[in-house]
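Residues per chain, in single letters:
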Amino acid sequence: MNAQEMPTRYDATQKESHWYACWEEAGLFSPDPNPEKPRFTITIPPPNLTGSLHMGHALCYPIQDMIGRFERLRGKSVLILPGQDHAGIATQTVVDKQLRKEGSSALQLGRDAFIERVWDWRRESGDTILRQFRALGCAFDWSRSRFTLDEHYADAVLRVFIDWYERGLIFRGKRVVNWDPILKTNVSDIETERKAAKGKLYHVRYRFADGTGEIIIATTRPETILADVAVAVHPSDERYKDIIGRKLIVPLVNREVPLIADMYPDPEFGTGAVKITPAHDANDYEVGVRHQLAMPVILDESARINLDEVRPVPEALESLQGLDRFRARDAVVEMLEAADLLVRTEDHDVQLVISDRSKEIIEPLLSEQWFVDQAALAKPVIEAVRNGEITFTPDRYTKLLLDWLENIRPWNISRQLWWGHRVPIYTTESGRQIAALNPEDAARRAAPERVISQDPDVLDTWFSSGLWPFATLGWPDETPDLQNYYPTDVLVTDRNIINLWVARMLMMGYDQAGAKPFSHVVIHATVLRRDGARMSKSLGTGIDPMDVIEKFGADALRWALLGQSGQNQELRYLEEKPEEARNFANKIWNATRFVLMNVAEMPPEPRDLNPVDRWLLSRLAETETTVRTAYEQYDPQTACQTLYRFFWNDLCDWYIEVSKSRLADESTRQTPQWVLLTAIEAFLVMLHPVMPHLTEELYAYLPLPEKSPFIMSHRWPTIPETWHDRDAHAEIERVFEITRALRALRASVDLPAGTKIPLAGFTGELGENGSIVSSQAWVETLQAGRPEGKVVSTHAAGVDLYILLDGLVDVEKQRIRIERDLAKLADERAKLEKRLNDPQFVERAKPEVIERDRAAKAELDAKQARLEDRARLFSEA
């Protein structure tokens, strides 16, 4: 491609899709088959089948792409394997909604027909997010894309279940779970959200059975009183120390229950006594287990009252049967009031747990589920994390994982759904339960008995996705991919699923695949709104990355997000950042275009470099070291900031400007041509992991003698040791410091940048670099010594600098204007100081208002200091 044909502006909307198609057609997304190359693997966190791109995705997946592109440039055979999770609850919910709109339902279709309907939906709409990953520029190997319900993958999931079941690690039991009364299934913690709401706190009398007194107990859920089995107090609470073991009467139900001692109650809260309802509260459940209490359930799967497990009850309570939990609450409160058992009711803030999918309030409910005993599985993971076999960035998440693993509890792996991996437990006619891969396998295992049913539940999606790093590579078969690319190298994920997913992959990897699934876990930042609140599509506060890509390009969005993503775990998205990134891309385009207009072909490497040439190469060497280290440490923010400073400040603001006169001279142009083309080639390669499309387009124009077909398949810059030139670096940095000081001196007397001034002087040592100072500070004549006449002066790097004001500036006019500006400034400062010194204002104003005023005063103070400096200059002139 000819530089003369380069457009004056870069059009991301045209070029990004073009280059992505070129990369894919060239097979660059697949790993290099060369067996001599070291391997590098990432299996991406599989997004939900129902998912569409949000800002968290727009950060997480480009980080993985950035790492992969960097490792390719370093000569590795890279596999980034994509795919999707079948997302049981989310996908079933989507299809359920479609059926309701059609006047049908899953129940009307039946299980098999409903599952087929979901597969139809998946074929039509299920790949949306994968197409969006392409728009982001993610170089993933689509030929190896996997789905957690693929036949081979599903077989692997069932094999793990069967193995754990036969080893006694999987069992059936009852625990309190997060129950969704609309979806009629239990859900994991991450599928819920907490929401503060206004509620009531009801203070209820629990009388002693012998009629000698009562205890007042506060509850936000009086309907659960029907299932109370005890009242608990802390063993250290002196108020109850002598009456532990006495009987209390459950209000309305008239059931006798014991007063027990347990560590759970807080003696400082209320009366220090709490009602214990093990079937409807997770903490109460643990108390119930410790004290071997009964656990009656009084809510059915629709969260309606079912008195069957608490009967006999007084006849008046039969009217509650079948009532919704909230209607039942009102009815129970009326009954308590009528029986003089309600002491008082007060307003109380409550934390509701809401189902992400149905938006219904979660009901803590004792339910029979399938569980995994994780304690034994966690041991090798704990050891690996402690000895550094598994590491985290940031490192603080190591402790979070260890704390969870060391206090691990059984894992609820069953869901009451139809879409997913069905629990492979079959029941024979004698009631025997066997685990099998399919009905045919079950029949063989059951013989001579007949199999009569299969468990209706499906497995938690975290169970199937826990196999992701190795099942995607062909496990349990010993495939070439499994041999070549497992263990994988890096996992990039969100902090909210460290326990739910990262820990499960580690346990499954060690237990089933015989090795760690990855060596390093990168926890990316959470992308927040400008005000620090979470983005939410449902609330209309989310930002669609595809809209940003359409307007500014994928590279601009990648730069905007990756450039803010360092060790900080909260990233505030600012709408102006992609525009700034696009402007930077245009700066890169225009500067490169300027260079290529002056460099038709790469000249031979020069033998003699002057100090400014050596300075730029030294800065390039420093930049390469910093950027390479940043990529190695998964720190895109440092990489971006370093690249920005090098290109904008070192290359554009200084070297190109200083070299323009040499480029214009046929006898001197080859050296800066070589330096510029060398620097731009290295810069584009280093930038490629973050801005892949722009760098690929510009690379195509570079007149390089040994050129790769694509920058994506290029090599990482090799920097000669001789380019690290401290002497040249120190010499030229000093010259630039002097130049900046002279520029600032010009600005202090309102001389516009670029306007030539006739005469400036200096005392001190400039050596052979005076021409740089004069050209870059826009001085016609820079002479040694202090000029005769009125001057302003400054000092920098051992040099005194002078600008002759005679005939250049009206000194008296400048003094008058400065005095006027200082007087106006004094009035503004006085008003702010009066307000900030007013105790009533400071006490009553919002903190952000006070902070704003203090910042305004600090700005005025700085402005005053600058004006006073200028006033001194003119008084000395």
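Our subject is the structure listed above.
A brief look at the structure comes next. (Residues numbered from 1 in each chain as written. Predicted model: local features only at pLDDT ≥ 70, side-chain atom pairs only at ≥ 80, totals over all residues. Heavy atoms only, no water.)

## A word on the overall build of the protein chain
- Helix and strand counts for the protein chain come out as 28 helices and 29 strands.
- Along the three orthogonal principal directions, the C-alpha set of the protein chain runs to about 110 × 75 × 55 Å.
- Counting only residues that meet the buried cut, the protein chain has 53% of its 877 residues in that class.
- Across the protein chain, the fraction of contacts at a sequence separation of at least 24, relative to all contacts at a separation of at least 6, is 76%. (Helix = DSSP H or I, 4+ residues; strand = E, 2+ residues; numbered from the N terminus. Buried < 20%, exposed > 50% of the residue type's maximum accessible area, 1.4 Å probe, protein only. Contact = heavy atoms within 4.5 Å.)

## Comments concerning the nonpolar core
- Counting 136 residues, the largest nonpolar core has I67, F133, L557, L561, I588, Y631 and F683 as its most contacted members.
- Not counting chain neighbours up to four residues away, the residues in contact with I588 comprise F647, F683, L684, L687, L694 and L698.
- I425, F470, L482 and V502 belong to the second largest nonpolar core, which has 58 residues in total. (Core = buried A, V, L, I, M, F, W, Y, C linked by side-chain atoms within 4.5 Å.)

## Side note on the sheet that holds strand 5 (residues 170–180)
- Taken in spatial order, the 4 strands line up as 6-5-14-16 in an open sheet, and their pairing is antiparallel. Strands at the two margins of the open sheet, each flanked by one partner only, are strand 6 (185–187) and strand 16 (411–412).
- Inspection of the sheet shows strand 14 (residues 363–372) paired to strand 16 by 2 bridges, in the antiparallel sense. Note on strand 16: the bridge partner recorded for F371 is N412. (Pairing = 2+ DSSP bridges.)

## Looking at the sheet that holds strand 26 (residues 757–763)
- If you trace the 4 strands from one edge of the open sheet to the other, you get 27-26-29-28, paired in mixed fashion. This sheet does not close on itself; its edge strands, each paired only once, are strand 27 (779–784) and strand 28 (791–796). The sheet shows a mean angle of 25° between the axes of neighbouring strands, taken without regard to direction.
- Across 6 bridges, the pairing between strand 28 and strand 29 (residues 799–804) is antiparallel. Bridge pairing in strand 29 links S793 to Y802. (Axes fitted to C-alpha atoms, helices over the stretch in contact; angles between N-to-C directions.)

## Some words on the state of the cysteines
- One pass over the structure, following the stated rule, counts 0 disulfides.
- With no disulfide of its own, C22 has C138 as its nearest cysteine by sulfur position, at a separation of 18 Å.
- For C22, a relative accessible area of 22% corresponds to the partly exposed category.
- For the unlinked cysteine C138, the closest cysteine sulfur is that of C60, found at 9.2 Å. (Disulfide = S-S within 2.5 Å.)

## Details of the packing of aromatic side chains
- Applying the stated criterion to the full structure yields 34 aromatic pairs.
- Both rings, one in F133 and one in F140, keep their centres 6.1 Å apart while their planes meet at 75°; by these two values the pair is edge-to-face. The exposure classification of F133 matches that of F140, with both residues buried.
- Here the aromatic rings of F584 and F647 are separated by 6.4 Å at their centres, their planes lie at 80°, and the arrangement is edge-to-face. With F584 in helix 19 (residues 576–597) and F647 in helix 21 (residues 636–663), this pair connects stretches of sequence that are 63 residues apart.
- For F584, a relative accessible area of 1% puts it in the buried group.
- Through a chain of ring-to-ring contacts, the aromatic side chains of W559, F584, Y644, F646, F647, W648 and F683 assemble into a single cluster.
- When the ring centre of W23 is taken as reference, the NZ or CZ atom of R69 above it lies at 4.4 Å.
- Lying across the ring of Y699, K707 places its NZ or CZ 5.2 Å from the centre. (Phe/Tyr/Trp six-rings, centres within 6.5 Å; stacked < 30°, edge-to-face > 60°. Lys NZ or Arg CZ within 6 Å of the ring centre and 35° of its normal.)

## Description of the pairing of strand 1 (residues 39–43)
- Most of strand 1 is tucked away: 4 of the 5 residues are buried.
- As judged from the 5 bridges shared by strand 1 and strand 2 (residues 77–81), these two strands associate in the parallel manner. Bridge pairing in strand 2 links R39 to S77.
- You can see the chain leave strand 1, run along helix 2 (residues 55–73) and come back into strand 2, and the turn it takes is right-handed. (Right-handed = clockwise from strand over helix to strand, strands pointing away.)

## Topic: the packing of helix 18 (residues 554–562) against helix 19
- One can describe the packing of helix 18 onto helix 19 by two numbers: an axis separation of 8 Å at closest approach and a directional angle of 115°. Crossing handedness for the pair helix 18 and helix 19: right-handed. On helix 19, the residues that touch A556, W559 and A560 of helix 18 are K577, P578, A581, R582 and F584.
- For the contact of helix 18 with helix 19, the class distribution of residues is 6 nonpolar, no polar and 2 charged. (Left-handed = near helix turned anticlockwise from the far one by under 90°. Nonpolar A, V, L, I, M, F, W, Y, C, P; charged D, E, K, R; others polar.)

## Considering helix 24 (residues 726–748)
- Compared with the 33 Å implied by 1.5 Å per residue over 23 residues, the 33 Å span of helix 24 between its first and last C-alpha is a close match.
- All of the buried residues in helix 24 are A728, I732, V735, F736, I738, T739, A741, L742, L745, R746 and S748.
- Structurally, the start of helix 24 carries an N-cap: the backbone nitrogen of D727 is 3.3 Å from a side-chain oxygen of D725.
- Looking at the residues trailing helix 24, positive phi occurs at D750, about 60°. (Expected span 1.5 Å × (residues − 1). Polar contact = N/O pair within 3.5 Å; in protein donor to acceptor, adjacent residues only side chain to side chain.)

## Points about the environment of D112
- By the element assignment, D112 lies in helix 5 (residues 111–125).
- Overall, the relative accessible area of 68% leaves D112 in the exposed class.
- Residues D112 and W419, spaced 307 residues apart in sequence, show a C-alpha to C-alpha distance of 9.8 Å.

## Quick notes on the pattern of salt bridges
- Per the counting criterion, the structure on display carries 64 salt bridges.
- As a salt-bridge pair, E360 and R325 come within 2.9 Å of each other at their nearest N and O atoms. In this pair, E360 is assigned in the loop between strand 13 (342–355) and strand 14 and R325 in helix 9 (residues 325–338), connecting sequence segments 35 residues apart.
- Given the relative accessible area of 22%, E360 is considered partly exposed.
- Put simply, R432 and E449 hold a salt bridge, and the shortest N to O gap is 3.2 Å. Taken together, the residues span a long stretch of sequence, with R432 in the loop between strand 18 (425–428) and strand 19 (433–435) and E449 in the loop between helix 12 (439–446) and strand 20 (451–454) at a distance of 17 residues.
- Through salt bridges with shared partners, one network takes in R221, E223, R325, R329, E360 and E363. (Salt bridge = Lys/Arg side-chain N within 4 Å of Asp/Glu carboxyl O.)

## A look at the packing of helix 10 (residues 375–386) against helix 16 (residues 498–513)
- The N-to-C vectors of helix 10 and helix 16 enclose an angle of 100°; their axes lie 8 Å apart at closest approach. Taken together, helix 10 and helix 16 sit at an angle that is classed as roughly perpendicular. For the pair formed by helix 10 and helix 16, the contact residues are L377, A378, P380, V381 and A384 on the first element and L506, M507, Y510 and D511 on the second.
- Its residues assigned to classes, the contact of helix 10 with helix 16 comprises 8 nonpolar, no polar and 1 charged. (Parallel < 35°, antiparallel > 145°, perpendicular 65-115°, else oblique.)

## Side note on the pairing of strand 7 (residues 192–208)
- Sheet analysis places strand 7 next to strand 13, joined by 13 bridges and oriented antiparallel. By the bridge assignment, A196 is partnered in strand 13 with Q351.
- Two strands pair when backbone bridges link them, and strand 7 and strand 8 (residues 214–219) are joined in this way by 6 bridges, in the antiparallel orientation. Looking at strand 8, one finds that Y202 is bridged to T219.
- Adjacent in sequence and paired antiparallel, strand 7 and strand 8 are bridged by 5 residues, among which G211 carries a positive phi angle near 75°.

## Things to note about helix 2
- Taking 1.5 Å of rise per residue, 19 residues should cover 27 Å, and helix 2 covers 27 Å from first to last C-alpha, within 8% of that figure.
- Burial of helix 2 is extensive: 18 of the 19 residues sit out of reach of the surface.
- Where helix 2 ends, the next residue or the one after it, G75, has phi of about 90°, a positive value.

## A look at the environment of T626
- With respect to the secondary-structure elements, T626 resides in helix 20 (residues 611–632).
- Among the residues examined, T626 registers a relative accessible area of 33% and is labelled partly exposed.
- On a C-alpha basis, the gap between T626 and L643 in space is 9.2 Å, while along the polypeptide they are 17 residues apart.
- Apart from the residues within four sequence positions on either side, T626 is in contact with T638 and T642.

## Examining the side chain of D284
- Looking at the secondary structure, you find D284 in helix 8 (residues 282–291).
- Buried within the structure, D284 lacks any salt-bridge partner; K275 is the closest side chain of opposite charge, at an N-O distance of 5.6 Å.
- Of the polar contacts made by the side chain of D284, one reaches the backbone nitrogen of T277; its length is 2.8 Å. (Lys, Arg positive; Asp, Glu negative; His and termini not counted.)

Function cannot be inferred from these measures alone, as they are strictly geometric.
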